[in-house]
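Overview (structure and organization)
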There are 2 protein chains.
Amino acid sequence: STRMSVVASFVQQGKKIVAIGRNYSEHAKELNNAVPKEPIIFLKPTTSYVASGGNVEIPRGILAHYEVELGVVIGKRGRDIPLSDAESYVAGYALAVDMTARNLQEELKAKRLPWTVAKGFDTFTPISSYISKDSVADAANLSLTLRVNGAVKQDGNTKDMIFSIPKLIEHISTIMTLEEGDLILTGTPSGVGPVVPGDKVECTLKDSTGKQLATLDFAAVQREGGYEY
Amino acid sequence: STRMSVVASFVQQGKKIVAIGRNYSEHAKELNNAVPKEPIIFLKPTTSYVASGGNVEIPRGILAHYEVELGVVIGKRGRDIPLSDAESYVAGYALAVDMTARNLQEELKAKRLPWTVAKGFDTFTPISSYISKDSVADAANLSLTLRVNGAVKQDGNTKDMIFSIPKLIEHISTIMTLEEGDLILTGTPSGVGPVVPGDKVECTLKDSTGKQLATLDFAAVQREGGYEY
Ligand SMILES: [Mg+2]
Ligand SMILES: [Mg+2]
Ligand SMILES: [Mg+2]
């Protein structure tokens, strides 16, 4: 159906990526940030998607950090979605990395400016294949791992989210209408760190039985031309 | 053609709104901000569009400010667009208001958090009809006015932009690919101020001969339900 094709091809057809900051308390602590009282929200452009197997291009002068995250693909348009109904707006999931230009982000924060550029470079959202909701028994108990050059750097579980997926959907939809094919990036567990050109990054998403739901891998390369920090 | 329909219906079909902050020095000064050395960039979701004649819904507790701006509609996909070629990426224009939740924005800035929520509420980007490029002799010499309840509050000219439209296209495209139907909001001249429920806002865009290129009007209403500040 048309509906299935929009959500399965959310990378091409979706309009927005709504990302959540500091949604795991251990990660908030590692960056010396307070645990938030309401979700921290920012947007990434869909031009930042790159499919698994591709290259993340790091602009000159940028210190890039990985943040492995569960992505939630929205299945239908909604505004002011009640918590009790939020689950019905989920079409499926994806495994993603919210690449972040950490040195630029720190400067922007110090100047009280938007994070957009630090989060929005082309290729700064590596993304797995679409995972349909049917294959996920409990999205609140999935393990996320990220390895750099074979070494485990992040090993978290979605059960440690501060704001649950239904709570995020409820909250975001009081601010901005959610649409079919939108992606919510639900925040990263602890262990974030640098990726430099030449690094290979591999991520997995598994359920509580150990079944692998998705993998995501990419190579970091130096961006030629374009932005220079 | 298909191409014409995407740009003419950028409100429905475009994927992103790339907004520029402090692009007129008088406005930077009125908010006690430094004049930026490179463009300040943030994203608004396309779900924030509302057509001229509609209502801007102000969430409870929000102090909303108007910012009248020239919007530039992108006509074709591009990355690392050279300054000399930037003009060919412009399909047309629109008159817009970048509604801003000023009290929330000030809090987010103080906490060094993204501006996204303060800029991204549904109906926070009132937008005129599409203006094709053919009807605009010189986009760098257009007058923008905004009236609240009949009183002129903003009366600026695009010749006072700090970063020109070609420069913005060049710069943004070094960060994120621009796509057909994307809108660039080019910043607001001085005179920003509050809009409260019950206010009527009217904006005009005119060229240097006085020819009216677009009008935009909306009513401010109290948002029922949804987000509360
Ligand atoms: Mg993140
Ligand atoms: Mg932002
Ligand atoms: Mg503005």
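What comes next concerns the included structure. It should be emphasised that the depicted structure is a prediction, and the values quoted were computed from it without experimental measurement.

1. Points about the overall build of chain A
- Counting its regular elements, chain A contains 6 helices and 16 strands.
- Here chain A has a C-alpha radius of gyration of 16 Å; the compact-globule value for 229 residues is 17 Å, and the two agree.
- Projected onto the principal axes, the alpha-carbon positions of chain A cover approximately 45 × 35 × 35 Å.
- Taken across its 229 residues, chain A has 61% of its residues classed as buried.

2. Let's talk about the coordination of the magnesium ion (ligand 3)
Residue and element names in this part refer to chain B.
- Only Glu67 (OE), Glu69 (OE) and Asp98 (OD) from the protein coordinate the magnesium ion (ligand 3), and they sit 2.0 to 2.1 Å from it.
- Here the donor residues of the magnesium ion (ligand 3) share one chain and are spaced in sequence as E-x1-E-x28-D. Here Glu69, found in strand 6 (residues 68-74), pairs with Asp98, found in the loop between strand 7 (90-97) and strand 8 (100-101); they are 29 residues apart in sequence, far enough to count as distant.

3. Brief notes about the packing of aromatic side chains
- Taken as a whole and judged by the stated rule, the model has 10 aromatic pairs over all chains.
- Residues Phe10 of chain B and Tyr130 of chain B carry aromatic rings whose centres are separated by 6.3 Å and whose planes lie at 55° to one another, so their mutual orientation is tilted. With Phe10 of chain B in helix 2 (residues 10-13) and Tyr130 of chain B in the loop between strand 9 (125-127) and strand 10 (131-132), this pair connects stretches of sequence that are 120 residues apart. With respect to burial, Phe10 of chain B and Tyr130 of chain B carry one shared label: buried.
- Connected via pairs of aromatic rings, a cluster forms that spans Phe10, Tyr49 and Tyr130 of chain A.
- A cation over a ring is seen here: Lys76 of chain A above Tyr89 of chain A, with NZ or CZ 4.6 Å from the ring centre.

4. Observations regarding the interface of chain A and chain B
- Across the contact, 42 residues belong to chain A and 42 residues belong to chain B.
- Summing both partners gives a buried area of about 3,500 Å² for chain A against chain B, and 54% of it is carried by carbon and sulfur.
- For chain A, the biggest contributors to the area lost against chain B are Lys15, Arg112 and Ile175 of chain A; these three give 19% of the whole.
- Counting across the interface, chain A meets chain B through 8 salt bridges.
- Summed over the shared surface of chain A and chain B, the result is 22 residue pairs in polar contact (both at pLDDT 80 or more).
- If you list the elements that add at least two residues to the side of chain A that touches chain B, you get helix 2 (10-13), strand 2 (40-44), helix 4 (102-110), helix 5 (116-120) and helix 6 (165-175) of chain A.
- If one sorts the elements of the side of chain A that touches chain B by residue count, strand 2 of chain A sits on top with 5 residues.
- Residues of the side of chain A that touches chain B, tallied by class, amount to 14 nonpolar, 13 polar and 15 charged.

5. Digging into the relation of the copies chain A and chain B
- For the pair chain A and chain B, the relating rotation is 180°, the translation along its axis is 0.0 Å, and the fit reaches an RMSD of 0.0 Å. Considering both components of the superposition, the chain copies are consistent with a two-fold axis.

6. What about the sheet that holds strand 4 (residues 55-58) of chain A?
Residue and element names in this part refer to chain A.
- The sheet built from 5 strands is open, its strands ordered 4-16-15-11-12 with mixed pairing. The open sheet is flanked by strand 4 and strand 12 (151-157), the only strands paired with a single partner. Taken pair by pair, the neighbouring strands of this sheet meet at an average axis angle of 20°, ignoring direction.
- Bridge analysis of strand 4 against strand 16 (residues 212-222) gives 4 bridges, and the strand direction is parallel.

7. What about helix 4 (residues 102-110) of chain B?
Residues and elements named next belong to chain B.
- The complete set of buried residues in helix 4 reads Arg102, Leu104, Gln105, Leu108 and Lys109. Buried positions in helix 4, seen along its axis, are confined to an arc of 155° and lie on one side of it.
- Arg112 sits one or two residues past helix 4 and shows a positive phi near 60°.

8. Here's the deal with the pattern of salt bridges
- All chains considered together, the criterion is met by 32 salt bridges over all chains.
- A salt bridge links Glu106 of chain A to Arg112 of chain B, with the nearest nitrogen and oxygen atoms 3.9 Å apart. You can see Glu106 of chain A sitting in helix 4 and its partner Arg112 of chain B sitting in the loop between helix 4 and helix 5 (116-120), one on each of two chains.
- For Glu106 of chain A, a relative accessible area of 33% corresponds to the partly exposed category.
- Linked through salt bridges whose partners overlap, the residues forming this network are Lys44, Glu67, Asp98, Arg102 and Lys119 of chain A.

9. Details of helix 6 of chain A
- Counting buried positions along helix 6 of chain A yields 8 of 11 residues, so the element is predominantly enclosed.
- In the core, the buried residues of helix 6 of chain A are packed alongside strand 1 (17-21), strand 2, strand 6 (68-74), strand 7 (90-97) and strand 13 (183-185) of chain A together with helix 5 of chain B.

10. Digging into the environment of Ala64 of chain A
Residue and element names in this part refer to chain A.
- Position of Ala64 among the secondary structure elements: in strand 5 (residues 64-66).
- Taking relative accessible area as the criterion, Ala64 reaches 0% and is therefore assigned buried.
- On a C-alpha basis, the gap between Ala64 and Pro126 in space is 13 Å, while along the polypeptide they are 62 residues apart.
- When sequence neighbours within four positions are dropped, the list of residues in contact with Ala64 reads Ile58, Met99, Thr100, Phe124, Gly193, Pro194 and Val195.

11. Brief notes about the environment of Glu107 of chain A
- Topologically, Glu107 of chain A is positioned in helix 4.
- Distance from Glu107 of chain A to Ala118 of chain A, taken between C-alpha atoms, is 9.6 Å for residues 11 residues apart in sequence.

What counts, and at which threshold
Every chain begins its residue count from 1, and numbering advances along the sequence as written. Naming scheme: in the order in which they are written, chains are lettered from A and ligands are numbered from 1. Residue-level local features of this predicted model are given only where pLDDT is at least 70; pairs of side-chain atoms are given and counted only at 80 or more, and the full residue set underlies all totals for whole chains, interfaces and linings. Each side-chain value is worked out from all heavy atoms of the structure, with water and hydrogens disregarded. In this description a helix means any DSSP run of H or I spanning at least four residues, a strand means any run of E spanning at least two, and both kinds are numbered starting from the N terminus. Atoms counted for the radius of gyration: C-alpha only. Globule rule: 2.2 Å times the number of residues to the power 0.38. Burial here depends on accessible area, computed with a 1.4 Å probe over protein chains only, as a share of the maximum for the residue type. Under 20% is buried, over 50% is exposed, and the range in between is partly exposed. Note that water is not among the atoms considered, so a metal site may appear incomplete; the donors listed are N, O and S atoms within 2.8 Å of the metal, with 3.2 Å applied to Na, K and Ca. Note on aromatic pairs: the rings of Phe, Tyr and Trp (six-membered ring only in Trp) are paired at centre separations within 6.5 Å, and the planes decide the class, stacked below 30 degrees, edge-to-face beyond 60, tilted for the rest. Charge over a ring is defined by NZ of Lys or CZ of Arg lying within 6 Å of the ring centre and within 35 degrees of the ring normal. The contact definition used throughout considers only heavy atoms, calling two residues in contact when any of these lie within 4.5 Å. Buried area is a sum: the accessible area each of two parts loses on coming together, probed at 1.4 Å, counted once for each and added. Salt bridge criterion: a side-chain nitrogen from Lys or Arg within 4 Å of a carboxyl oxygen from Asp or Glu. Any pair of N or O atoms that falls within 3.5 Å is considered a polar contact. Within protein, one atom must be able to donate a hydrogen and the other to accept it, and sequence-neighbouring residues count only if both atoms are side-chain atoms. In the scheme used here, Gly and all other residues not listed as nonpolar or charged are polar, with Ala, Val, Leu, Ile, Met, Phe, Trp, Tyr, Cys and Pro taken as nonpolar and Asp, Glu, Lys and Arg as charged. For the least-squares superposition of copies, only C-alpha atoms count, and only for residues with pLDDT at least 70 in both. Any two strands with at least two DSSP bridges between them are considered paired. Angles run from 0 to 180 degrees between N-to-C directions of axes, and those axes are lines fitted to C-alpha atoms, restricted for helices to the stretch in contact. Think of the arc as the fan of directions from the helix axis to the C-beta atoms.

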